[in-house]
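# Close look at the chain arrangement
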Amino acid sequence: MDRGRQALAFLAMDSIPIPGAEIYYDEHFLQPDEASQFFDQLLSKCAWERRRASFGHAVPRDEAYYGDLGTQYTYSRREYRPLPWISELLSLKTRVEEATPVAAYGNLSLPQTGYNAVLCNLYRDGNDSVGLHADAEPEMRPVIASVSLGAERLFRLKRKNGSVAFSERLPHGSLLIMAGNTQEHFKHEAPKEPGVTQPRINLTFRYIEHK
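The structure contained in this document is the topic of the report that follows. (Residues numbered from 1 in each chain as written. Predicted model: local features only at pLDDT ≥ 70, side-chain atom pairs only at ≥ 80, totals over all residues. Heavy atoms only, no water.)

### Let's talk about helix 3 (residues 87-99)
- Relative to the 18 Å expected for 13 residues at 1.5 Å per residue, helix 3 spans 19 Å between its end C-alpha atoms, a close match to the ideal helical length.
- The complete set of buried residues in helix 3 reads Glu88, Leu89, Leu92, Lys93, Val96 and Ala99. Down the axis of helix 3, the sector holding all buried residues measures 135°, keeping them to one side. (Helix = DSSP H or I, 4+ residues; strand = E, 2+ residues; numbered from the N terminus. Expected span 1.5 Å × (residues − 1). Buried < 20%, exposed > 50% of the residue type's maximum accessible area, 1.4 Å probe, protein only. Arc of directions from axis to C-beta.)

### Things to note about the packing of aromatic side chains
- A complete count under the given rule lists five aromatic pairs for this structure.
- Plain terms: the ring middles of Tyr65 and Tyr73 are 5.3 Å apart, the flat faces sit at 80° to each other, and that makes the pair edge-to-face. Across the pair, exposure class does not vary: Tyr65 and Tyr73 are buried alike.
- Three or more aromatic residues joined by ring pairs form one cluster here, namely Tyr65, Tyr73 and Tyr80.
- Looking at Arg51, its charged tip hangs above the ring of Tyr80, at a distance of 4.0 Å from the centre.
- A cation sits over an aromatic face here: Lys93 above Trp85, 5.8 Å from the ring centre. (Phe/Tyr/Trp six-rings, centres within 6.5 Å; stacked < 30°, edge-to-face > 60°. Lys NZ or Arg CZ within 6 Å of the ring centre and 35° of its normal.)

### Structural notes on helix 2 (residues 32-45)
- Here helix 2 is 14 residues long and its end C-alpha atoms lie 20 Å apart, about the 20 Å a rise of 1.5 Å per residue gives.
- Contact partners of the buried residues in helix 2: helix 3, strand 8 (144-150) and strand 13 (200-206). (Contact = heavy atoms within 4.5 Å.)

### Regarding the side chain of Ser146
- Topologically, Ser146 is positioned in strand 8.
- By relative accessible area, which is 9% here, Ser146 ends up buried.
- Within the structure, Ser146 has its side chain in polar contact with the side chain of Asn202 (distance 2.7 Å).
- Apart from residues lying up to four places away in sequence, Ser146 is in contact with Ser174, Leu175, Leu176, Asn202, Leu203 and Thr204. (Polar contact = N/O pair within 3.5 Å; in protein donor to acceptor, adjacent residues only side chain to side chain.)

### A look at the pattern of salt bridges
- Evaluated as defined, the whole model comprises 15 salt bridges.
- Across the pair Asp62 and Arg124 runs a salt bridge, and its minimum N-O distance is 2.7 Å. In this pair, Asp62 sits in strand 3 (residues 62-67) while Arg124 sits in the loop between strand 6 (117-123) and strand 7 (130-133), placing the two residues 62 residues apart along the sequence. (Salt bridge = Lys/Arg side-chain N within 4 Å of Asp/Glu carboxyl O.)

### Concerning the pairing of strand 10 (residues 164-170)
- Inspection of the sheet shows strand 9 (residues 153-159) paired to strand 10 by six bridges, in the antiparallel sense. Counted as the bridge partner of Arg153 is Leu170 from strand 10. (Pairing = 2+ DSSP bridges.)

### Some details on the nonpolar core
- Formed by 34 residues in total, the largest nonpolar core has its most connected members in Leu149, Leu203 and Phe205.
- Elements that contribute at least two residues to this core include exactly helix 2, strand 3, helix 3, helix 4 (103-106), strand 6, strand 8, strand 11 (174-179) and strand 13.
- Dropping the residues within four chain positions of it, Phe205 is found in contact with Trp85, Leu89, Leu92, Lys93, Val96, Tyr115, Ala117, Val118, Val143, Ile144, Ala145 and Val147.
- Core analysis: the next-biggest nonpolar cluster, separate from the first, contains 21 residues, Ile18, Tyr25, Tyr65 and Ala117 among them. (Core = buried A, V, L, I, M, F, W, Y, C linked by side-chain atoms within 4.5 Å.)

### Topic: the sheet that holds strand 6
- On the basis of which strands lie adjacent, the open sheet formed by seven strands has the order 1-2-11-8-13-6-3 and antiparallel pairing. The two strands at the open ends of the sheet, each matched to only one other strand, are strand 1 (14-16) and strand 3. Direction aside, the axes of adjacent strands within the sheet are offset by 20° on average.
- With six bridges joining them, strand 8 and strand 13 adopt antiparallel strand pairing. Residue pairing across strands places Gly150 opposite Arg200, the latter belonging to strand 13. (Axes fitted to C-alpha atoms, helices over the stretch in contact; angles between N-to-C directions.)

### Some remarks on the sheet that holds strand 9
- Spatially, four strands are ordered 7-12-9-10 in an open sheet, and the strand pairing comes out antiparallel. At either end of the open sheet lies a strand with only one pairing partner, and these are strand 7 and strand 10. Between one strand axis and the next, the sheet turns by 15° as a mean value, whatever way the strands run.

What is shown is where atoms sit, not what they do.
Written out as structure tokens, the structure reads:
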């Protein structure tokens, strides 16, 4: 991407001032009709699977993992091996790479490699969730881009002492990027919301590198 387009991408994203974190947010990353089209396509085309956690109970959401060859990783004793990219995810990957501010890489002197994998999460209703965690696996670079499609769900970023640093209902078509030392100092979650009856898809683009 040329420098002019990178500058425009940076201007389109709000930087959320949180000491110790580096968060960028664009509430209107995708237009509503476009976001709905991606939602419908991914709902039907992704290879959704409800995995088992380490103690045998079901993970409270459906998942599908796509990426380049060699982007496998292990999280919470679950092994993720990438499926081949589908066209909709590749299209969104390009869009997210264009929107990612240069500073997201530059502040830690990281190369601008973009993203080589995406974990897709399907929350079928408010009973599905993801608990408090950090995306801090050793294979994972610290720039994580999250696209939300479908029902609004609460996203909470918490400090290590449990206090809430950022809380926002992420709307349909929004993009949130975590960079810098965010994963080192904070954890995040999408808690259960029994009042939510509609599904949500969340796509977390990341770069996996085995050293």
